[in-house]
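Chain by chain, the residues run as shown.
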Amino acid sequence: MSVIYYSGADDQVKSDLKKILSVNHIFEDFTTFSNLEENSTLIINFTELNDLKWKKFWPSKLPAPKGLLMNNVHSIGIVGYNFPNLSMKLLDDGFSDFFQYPFDNPRVIGTLMNTIRDIEYEKELSSLYQIGIDLSSQADMEILLQEILKTSLDFTNSDGGSIYLVLKEVNSETGEKLMQFERSMSDTLGERYQKVKMPINNKSLAGYVINTGKSLNILDAYKISRTLPYKFNSSFDEKNNYRSKTMIVVPMINHKGEIIGAIQLINKKKNRSIKLTSEEIVKKNVVEFDHKSELLIRSLGSQATIAIENARLYKEIQALFESFMEASVSAVESRDPSTAGHSRRVGKLSVAIAELINKTDGGPLKNIKFSPDDIRALNYSGLLHDFGKIGIPEKILL
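Residues numbered from 1 in each chain as written. Predicted model: local features only at pLDDT ≥ 70, side-chain atom pairs only at ≥ 80, totals over all residues. Heavy atoms only, no water.

Chemist: Sorry, what's going on with the overall build of the protein here?
Modeler: The number of helices and strands found in the protein is twelve helices and twelve strands. The C-alpha atoms of the protein give a radius of gyration of 30 Å, which is well past the 21 Å a tight globule of 398 residues would have. Each principal axis of the C-alpha atoms in the protein carries an extent, and together these give about 100 × 60 × 45 Å. Counting only contacts in the protein whose residues sit at least 6 apart along the sequence, the fraction spanning at least 24 positions is 60%. Accessible surface for the protein amounts to roughly 22,300 Å². Of this, 54% is attributable to carbon and sulfur atoms. Between the averaged position of the 49 positive side-chain charges in the protein and that of its 50 negative side-chain charges there is a distance of 3 Å. (Helix = DSSP H or I, 4+ residues; strand = E, 2+ residues; numbered from the N terminus. Rg over C-alpha atoms; globule rule 2.2 N^0.38 Å. Contact = heavy atoms within 4.5 Å. Areas by Shrake-Rupley, 256 points an atom, 1.4 Å probe, with all protein chains shown as cover. Lys, Arg positive; Asp, Glu negative; His and termini not counted. Charge placed at Lys NZ, Arg CZ, Asp CG, Glu CD.)

Chemist: I would appreciate a short explanation of the packing of helix α9 (residues 291-335) against helix α11 (residues 372-384) in the present structure.
Modeler: When two helices pack together, their arrangement is given by the angle between their axes and by how far apart the axes lie. Put simply, α9 and α11 touch, their axes get as near as 9 Å, and they point 25° apart. Regarding the angle of α9 to α11, the classification is roughly parallel. Considering only the axes of α9 and α11, their crossing is left-handed. Along its contact with α9, which presents Tyr314, Gln318, Phe321, Glu322, Met325, Ser328 and Val329, the element α11 presents Arg376, Tyr380, Leu383 and Leu384. Looking at the contact of α9 with α11 residue by residue, the classes come out as seven nonpolar, two polar and two charged. (Axes fitted to C-alpha atoms, helices over the stretch in contact; angles between N-to-C directions. Parallel < 35°, antiparallel > 145°, perpendicular 65-115°, else oblique. Left-handed = near helix turned anticlockwise from the far one by under 90°. Nonpolar A, V, L, I, M, F, W, Y, C, P; charged D, E, K, R; others polar.)

Chemist: Please clarify how the packing of helix α1 (residues 11-21) against helix α4 (residues 105-136) should be interpreted in this entry.
Modeler: Between α1 and α4, whose axes approach to 10 Å, the crossing angle comes to 70°. The orientation of α1 relative to α4 falls into the category roughly perpendicular. Considering how the two elements wind past one another, α1 and α4 form a crossing that is right-handed. Within the contact between the two elements, α1 uses Leu17, Ile20 and Leu21 and α4 uses Asn105, Val108, Ile109 and Leu112.

Structure (structure tokens):
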């Protein structure tokens, strides 16, 4: 439920407004700016004002309406029917809208609905921005794909979804490019998947989207016209006793215009908590993906593409660094053959000790834990601890 704050001296106006709004919203008196929640609505009573100087009734030490928008707090003014010029003045000065008093109930409800819709839209944009930052900082591909799917389901109220990534290899028999079913997630079924390579063609929805770069929004996967160039593969439904109905599939396109994969979401629900365990439940609770869902998932797909490419680049850099280390170890061993294998053994033993400490539940080491990055650093340190031998003359080493 959305939060509505009221400020004004006239108790009758407050009572009339509360009767209209308190059923579906949290109605509270405004006290101080510090107690004003983000993503809320502030309603100010100006019915006693007889000029355009609305700031006289504006709460002290409270930022102006345009300033409150920084916290996604939208302001609505209450004005009398006999003073229309004030309404225009409020809109010019950053108020989201106004009510006229005495209230016209449908007009009040409609105005508030539009304001709350704007608040939710800005809230989603802010979340999308933060998600982009979070995704771009994740270098582990498996965790990244899981986060992309989870966020996609949260944003669109979907029951399930999956991610496909384009591979560099092709089918040796048909010459078709290949994609890989990377990960899937479902509120109803949980995480049931295994990585499978598939040809990129029109026999699957993801294949069609990757092939053409066009998004799909499907009302019923089992009622796709035979005249259309794409088909729905029902094997997953049959295997898991599931019913896919509404679906949306969008391509992931990088800055070069190359399609690197696709995000596929299934069964947008009225209520996210519902489990789609029967066809009857699907029929009652699954709705189509609206235009807002399309825009959100396209935007998220663009951010996911950047994050995936960054993760791949990080992996390539890490592989390059490890190749450099192997070459360095080989160079050290060639300088001092009598200790060949020593550096690798130090690295392995260091990692083994750290992993053993991580499993310790008691004793003086029980609170010491090594992260995956710590363990990787220990291995690198072990491998390179004798690197200084590169600069020592052979007559000293031998």
